[in-house]
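Results of the structural survey
For reference, the chains in residue letters:
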Amino acid sequence: MNQFSYVRPANLKAAIDAVAKDKSARFIAGGTNLLDLMKSGVVTSEKLVDINRLPLKDIQLSEGALHIGALVLNSDLAAHDLVKTQHPLLSQALLAGASQQLRNMATVGGNMMQRTRCTYFYDTTMPCNKRAPNSGCGAIGGINRMHAIFGASDSCIAVHPSDMCVALAALDAMVLVTGPKGSRRIPFTDFHRLPGNTPQLDNNLGKGELITAVEIPSNHFTKNIYYLKVRDRASYAFALVSVAVALDIRDGVIHEARLAMGGVAHKPWRLPEAEKALAGKAPTAENFRIAAGIATQSAKAYKHNMFKPALALNSIQTALQKAASV
Amino acid sequence: MSAENDQHPRDKQAGRRDFLKQSSAMMALALTPPLVIKAAAHDEAIAGIFEKMPVNMEINGKKMQLSVEPRTTLLDLLREQLALTGTKKGCDHGQCGACTVHVNGRRINSCLTLAVMQEGNQVTTIEGIANGDQLHPVQEAFIKHDGFQCGYCTPGQIMSAVACIREGHAGSPEQIREFMSGNICRCGAYDNIVNAIVDVKSGGKTV
Ligand SMILES: Cc1cc2nc3c(=O)[nH]c(=O)nc-3n(C[C@H](O)[C@H](O)[C@H](O)COP(=O)(O)OP(=O)(O)OC[C@H]3O[C@@H](n4cnc5c(N)ncnc54)[C@H](O)[C@@H]3O)c2cc1C
Ligand code: SF4
Ligand code: FES
Ligand code: FES
């Protein structure tokens, strides 16, 4: 790792100032992604601003919404009673990610900000538009088995690796941020970006802006939910494809559906057309098949991930069936 | 273990002196020395690029005043500065679990956290779990069930297993496999590791 200076500010304003005013300064929370990237030479930061002592660790209900501080640990969030009872989909998604050791370090804010696992992004001897803008994309003509099938561009076909974020996208969460110019709220699905021709930008957070919390509005998705993660080994591996499903089934009819996928796009991928196709329908295998077909219509595969559209289609059907029969 | 001797006071003093000098020179901070020291002792702390920084930690029950560079990981502090080499470096990237230690009672990968981030925390390593000459029940079970071959992953496996049982995640072999997945064993001793954990868990001993 390169050498860097270290500050541990006592309050939010000092932390934001420290990053806003220094071009190469970064926040550090759990450190599980940032230090990994710094050891690999992908990120070089000359100042780390440790935010771990800031008071952003609460989980509470406020006006019906579940307010989750940005420094809540992934393991604590997954095990929290309010999450397990009111948003079990989030709990399942969190437990599908990383290992218990890593979840004991990883924070909500850090998880949202984690960078792609594209191997060309990690390998500093390779071209990568995300790491070094305009250097080219190693993955497009290279090994792209793990890469996107939705929303990719000619500049970048990387995927966002988070599991937690897929559940938060499905649950219509809000992101609360505070920066040098004040505070704002960003709908979760607008937080991460598609690559377009600026793949160096993963999300819409400004320089010096700090995620302070995530809020999940109250919903009826407590029972018929499922997080399906398909990967190369049974645990402790990133998703090839993952599916978050939340259904509100009443009297044999799907009142509302939420569907999002991981491992398939540069951001957690909501499937609004498929959700619409399910609303008002019976939870039958045939309706699930139709919805999965709609969801994967626009899929575009590359040389080594030709299997992904079919895997996505089957995974959506399986996840819907698991959710419906709970 | 000469852990404390490795940390001669001279080192610390020098660190702090450099720290003051450089903070004012490099960062043009108008801080008076007493203020800086006070800040370092509380939540606000600062260390320049080439400076060492004072850190207090309790390691295996011993209170220690240390001095580290900001970029030193907890793993490197334990192994290189304190000679606690039981904790292993496998991948140095969070991918193998060989570096697993407990911080404030919870298992973490010590390769992906900075030592300076652990100010005021209690760290337990494999060297700290036996009771004198009396092995920890999980250590005994690993021997009884042949829970290792080369032994390189074993300290991490044992630290993880102790935490897994304490967390209440050792309810069944399936649950053990899932919650021990952060510890890779290249020798493939997995079955015996699971048996060891099941044995401790069903034996009802406090771990
Ligand atoms: C071996 C391994 C396997 C993994 N497997 C999975 C997996 O299967 N699924 C999965 O989802 N994840 C997985 N992860 C990734 C892990 O979830 C992330 O590394 C973790 O969530 C990052 O959180 P952190 O607090 O450690 O972030 P840090 O490393 O501290 O920070 C990451 C980035 O976020 C920024 N940041 C942190 N907090 C804030 C904030 N509040 N506001 C603004 N910016 C902030 C930092 O500046 C930094 O750029 C894995 C990681 C490893 C090492
Ligand atoms: S897919 Fe994106 S991250 Fe991967 S090499 Fe191409 S530009 Fe870089
Ligand atoms: S050395 Fe830390 S996880 Fe491998
Ligand atoms: S015993 Fe050899 S790696 Fe596990």
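Keep in mind the model is a prediction, meaning the values are calculated, not measured. (Residues numbered from 1 in each chain as written. Chains lettered and ligands numbered in written order. Predicted model: local features only at pLDDT ≥ 70, side-chain atom pairs only at ≥ 80, totals over all residues. Heavy atoms only, no water.)

When you go through chain A residue by residue, the secondary structure sums to 13 helices and twelve strands. In terms of overall size, chain A behaves like a compact globule, its C-alpha atoms giving a radius of gyration of 19 Å where 326 residues would be expected to give roughly 20 Å. Taken along its principal axes, the extent of the C-alpha atoms in chain A is 60 × 50 × 35 Å. Counting every position in chain A, which comprises 326 residues, the buried fraction comes to 58%. Of the accessible surface of chain A, which amounts to about 12,600 Å², a share of 54% is contributed by carbon and sulfur atoms. Taken as two groups, the 36 positive and 24 negative side-chain charges of chain A have centres that lie 5 Å from each other. (Helix = DSSP H or I, 4+ residues; strand = E, 2+ residues; numbered from the N terminus. Rg over C-alpha atoms; globule rule 2.2 N^0.38 Å. Buried < 20%, exposed > 50% of the residue type's maximum accessible area, 1.4 Å probe, protein only. Areas by Shrake-Rupley, 256 points an atom, 1.4 Å probe, with all protein chains shown as cover. Lys, Arg positive; Asp, Glu negative; His and termini not counted. Charge placed at Lys NZ, Arg CZ, Asp CG, Glu CD.)

Before going further, it helps to spend a moment on the domain arrangement of chain B. The accessible area lost on association of the parts is a frequent measure of interface size. Residues and elements named next belong to chain B. Each assigned domain of chain B is listed here: domain 1 (11-50), domain 2 (53-128) and domain 3 (137-203). A straight line from the C-alpha centre of domain 2 to that of domain 3 covers 21 Å. Facing the 14 residues of domain 2 at the interface are 17 residues of domain 3. Around 1,200 Å² of area is buried between domain 2 and domain 3 when both sides are counted, 55% of it from carbon and sulfur atoms. It is His102, Arg107 and Ile126 in domain 2 that bury the most area against domain 3; as a group they hold 50% of the surface buried on that side. Linking domain 2 to domain 3 there are one salt bridge. We note a salt bridge from Glu167 to Arg107, for which the minimum N-O separation is 2.8 Å. Counting every contact that joins domain 2 to domain 3 gives eight residue pairs in polar contact (both at pLDDT 80 or more). (Domains from an automatic or database assignment. Contact = heavy atoms within 4.5 Å. Buried area = accessible area lost by both parts, 1.4 Å probe. Salt bridge = Lys/Arg side-chain N within 4 Å of Asp/Glu carboxyl O. Polar contact = N/O pair within 3.5 Å; in protein donor to acceptor, adjacent residues only side chain to side chain.)

A few words on the interface of chain B and chain A. Between chain B and chain A, the residue contacts involve 44 residues of the former and 41 residues of the latter. Buried area between chain B and chain A, summed over both chains or domains, comes out near 3,400 Å², and the portion from carbon and sulfur atoms is 52%. On the chain B side of the contact with chain A, Arg71, Leu112 and Met117 of chain B bury the most area, a combined 19% of that side's loss. Counting across the interface, chain B meets chain A through two salt bridges. One salt bridge in this structure joins Asp76 of chain A and Arg106 of chain B, with 2.9 Å as the shortest N-O distance. Our enumeration of links across chain B and chain A arrives at 23 residue pairs in polar contact (both at pLDDT 80 or more). Taken together, the elements giving at least two residues each to the side of chain B that touches chain A come down to strand E1 (45-47), strand E5 (106-109), helix H6 (154-167) and helix H7 (173-179) of chain B. Counting residues per element, the side of chain B that touches chain A draws most heavily on E5 of chain B, which supplies four residues. Partitioned by chemical class, the residues of the side of chain B that touches chain A number 18 nonpolar, 16 polar and ten charged. Taken together, the three bridges between strand E1 (residues 5-8) of chain A and E1 of chain B define a ladder with antiparallel strand orientation. Across the sheet, the residue bridging to Arg8 of chain A is Ala45 of chain B, located in E1 of chain B. (Nonpolar A, V, L, I, M, F, W, Y, C, P; charged D, E, K, R; others polar. Pairing = 2+ DSSP bridges.)

On to the packing of helix H5 (residues 137-144) of chain B against helix H8 (residues 190-203) of chain B, then. Residues and elements named next belong to chain B. Viewed as axis vectors pointing N to C, H5 and H8 meet at an angle of 135°, and their least axial separation amounts to 9 Å. In terms of orientation, H5 and H8 fall into the oblique class. For the element pair H5 and H8, the recorded crossing hand is right-handed. Together, Pro137, Val138, Ala141, Phe142 and Lys144 of H5 and Ile193, Ala196, Asp199 and Val200 of H8 make up the contact between the two elements. Looking at the contact of H5 with H8, its residues break down into seven nonpolar, no polar and two charged. (Axes fitted to C-alpha atoms, helices over the stretch in contact; angles between N-to-C directions. Parallel < 35°, antiparallel > 145°, perpendicular 65-115°, else oblique. Left-handed = near helix turned anticlockwise from the far one by under 90°.)

Moving on to the site of ligand 1. What surrounds ligand 1 is a group of 36 residues, the closest being Phe27, Gly31, Thr32, Thr107 and Asp163 of chain A. More than one chain reaches ligand 1: its neighbouring residues belong to chains A and B. The side chain of Thr32 of chain A places a nitrogen or oxygen atom 2.7 Å from an oxygen atom of ligand 1. In the model, a nitrogen atom of ligand 1 is placed 3.4 Å from a nitrogen or oxygen of the Gln114 of chain A side chain. Against a free-state accessible area of 990 Å², the protein chains account for coverage of 96% of ligand 1. Of all elements in the fold, only strand E2 (25-28), helix H7 (108-113) and strand E8 (210-216) of chain A reach the threshold of two or more residues within the shell around ligand 1. When residues of the shell around ligand 1 are assigned to their parent elements, the largest contribution, four residues, is made by H7 of chain A. When grouped by side-chain class, the residues that make up the shell around ligand 1 number 17 nonpolar, 15 polar and four charged. (Near = heavy atom within 4 Å.)

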